[in-house]
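# Observations on the model geometry
Spelled out from the first residue to the last, the chains are:
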Amino acid sequence: MKSFIKNNHTFVIAEAGSNWKVGTFEEDLEMAKKLIDTAKDSGADAVKFQTYKSETVYVKNAGKSGYLDKNGINETINDIFDKLSMPYEMIPKLSDYCKKQDIMFMSTPFSVRDAEELDPFVDIHKIASFEINHVRLLEYISKTKKPVIVSTGASTFAECDFVIELFKKNGNDKIALLQCTSNYPAPISALNLSVIPKIKNRYNVPVGFSDHSLDPITAPLVAIGFGANIIEKHFTIDKNLEGPDHSFALNPEELKQMIKCIRAADLSKGTGEKEILNEELELRKFATRSIQAIKNIKKGDIFED
């Protein structure tokens, strides 16, 4: 993980999710490229998509969730996943475009087949919260020996223990965990960011935060204050576009604002040592208390209180 985890630089993942889907294959590809351009322009380190097929995520007639109803979506989850499924042939095109734009390409797989298609094109794998018990997917990704970032929404320490142990058993200790609240949008009061130091202490791995809240600033900066090295956040070109992920995603200006604040937070971390900084030297010399003579002192004079 040392290749991209640094104490003085938060690794920012701009999550495009399914927000590339607008129409035909050509239209979708152009929108995906616009999202990549936006992520690059905003200063993100990586842009991430999702790779799945409906039949490998849900059983037939899986129905609808309350999340869909809340967002005014009347389709079943099967129909939505069918519609938003990224064709495998788009993966190398997006990977190549990311290389040209000098931003890391990532995508979250939801099956072993998805991961097999993605593996040649990603340097870092990402596992979604609800795949934390997907044993075959975890086994495949662990054996690639590539770094992996695992979201931990709606999970317990016991489930995190299982993932860490499985990866280490397969000879892969390049793991990072993301604190996450699996609610869209997630209220600020439900983010539980103070657990980040506990995760770090328990596993001794890099820890970050996958943020589903609406605010672009508050939660990412608080997470960094608690020691997060990674921030992941959904973004879109336009919040009014049709689809399940647009309404709670950041627009381009908000994404840029968030990353600007994150970079300022990175600068504020300093060395971690309690020391006198160059910026303090002049005032230290001028203002620090010291003993000072207010009249001439001769050799042999006695000081009395």
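As a reminder, the structure under discussion sits directly above these lines.
First, a word on scope: everything that follows refers to the structure included in this document. Computed from a prediction, not measured in an experiment: that's the story for all the values here. (Residues numbered from 1 in each chain as written. Predicted model: local features only at pLDDT ≥ 70, side-chain atom pairs only at ≥ 80, totals over all residues. Heavy atoms only, no water.)

## A few points about the overall build of the protein chain
Put simply, the rule reads: Numbering of helices and strands runs from the N terminus, with a helix taken as a DSSP run of H or I at least four residues long and a strand as a DSSP run of E at least two residues long. With C-alpha atoms as the basis for the radius of gyration, the globule rule is written as 2.2 Å multiplied by the number of residues raised to the power 0.38. In what follows, residue pairs with any heavy atoms lying within 4.5 Å of each other are defined as contacts. Here the Shrake-Rupley method, with its probe set to 1.4 Å, supplies the accessible areas, and only the displayed protein chains count as covering residues.
Helix and strand content of the protein chain: 12 helices and eight strands. Against the compact-globule benchmark of 19 Å for 305 residues, the protein chain has a radius of gyration of 24 Å, which places it well outside the compact range. C-alpha extents for the protein chain along the principal axes are approximately 100 × 45 × 40 Å. A sequence separation of at least 24 residues applies to 69% of the contacts in the protein chain between residues at least 6 apart. Summed over its atoms, the accessible surface of the protein chain is roughly 16500 Å², and 51% of this surface lies on carbon and sulfur atoms.

## Section: the pairing of strand β2 (residues 46-51)
Our working rule: Type-normalised accessible area, obtained with a 1.4 Å probe on protein chains alone, sets the label of each residue: buried when under 20%, exposed when over 50%, and partly exposed for intermediate values. Any two strands with at least two DSSP bridges between them are considered paired. Look down the strands so they point away from you; if going from the first strand over the helix to the second traces a clockwise path, that crossover is right-handed.
Among the six residues in β2, six count as buried, and that is most of the element. Burial of β2 is two-sided: the residues A46, K48 and Q50 facing one way and the residues V47, F49 and T51 facing the other way are all buried. Here four bridges tie strand β1 (residues 11-17) to β2, and the two strands are oriented parallel to one another. Directly across from A14, in β2, lies its bridge partner V47. With helix α1 (residues 25-42) bridging β1 and its parallel neighbour β2, the resulting β-α-β unit is right-handed. Pairing of β2 with strand β3 (residues 104-109), which is carried by six bridges, proceeds in the parallel orientation. Among the inter-strand pairings, F49 is bridged to a residue of β3, identified as S107.

## Focus: α1
Rules: Helix span, as expected, comes to 1.5 Å for every residue beyond the first.
Compared with the 26 Å implied by 1.5 Å per residue over 18 residues, the 26 Å span of α1 between its first and last C-alpha is a close match. For α1, the complete set of buried residues consists of D28, L29, M31, A32, L35, I36, T38, A39 and S42. Where α1 is buried, its residues meet β1, β2, α5 (90-101) and α11 (252-268). Where α1 terminates, the next one or two residues include G43, which has phi positive at roughly 95°.

## Side note on the packing of aromatic side chains
Stated precisely, the cut-off is as follows: Two rings from Phe, Tyr or Trp (for Trp, the six-membered ring) form a pair when their centres are within 6.5 Å of each other. A pair whose planes differ by under 30 degrees is stacked, one over 60 is edge-to-face, and the rest are tilted. Counted as over-ring charges are cases with an Arg CZ or a Lys NZ within 6 Å of the ring centre that also lie within 35 degrees of the ring normal.
One pass over the full model with this rule turns up four aromatic pairs. Residue placement shows K53 over the ring face of Y88; its charged tip is 4.5 Å from the ring centre. The ring of F157 carries the charged tip of R202 above its face, separated from the ring centre by 4.5 Å.

## Focus: the nonpolar core
The condition that has to hold: For our purposes a nonpolar core is just a set of buried Ala, Val, Leu, Ile, Met, Phe, Trp, Tyr and Cys residues, chained together by side-chain atoms within 4.5 Å.
If you look at the biggest cluster of nonpolar residues, it comprises 61 residues, and the most contacted ones within it are V47, F49, L94, F167 and F235. Here the element with the most residues in this core is α1; it accounts for six residues. The contact partners of F235, leaving out residues within four places of it in the chain, are A14, E15, A16, N19, L35, T38, A39, V47, A249, L250 and L255. With 11 residues, the next largest nonpolar core counts F4, F11, A46 and A176 among its residues.

## Things to note about helix α9 (residues 196-203)
Short version of the rule: Think of it as the arc spanned by the lines of direction from the helix axis to the C-beta atoms.
Taken residue by residue, α9 has I196, I199 and Y203 as its buried positions. An end-on view of α9 places all buried positions within 60° of arc, on one side of the element. Pointing more than 90 degrees away from the buried face of α9 are the exposed residues K198 and N201. Following α9 by one or two positions, N204 has its phi on the positive side, about 55°.

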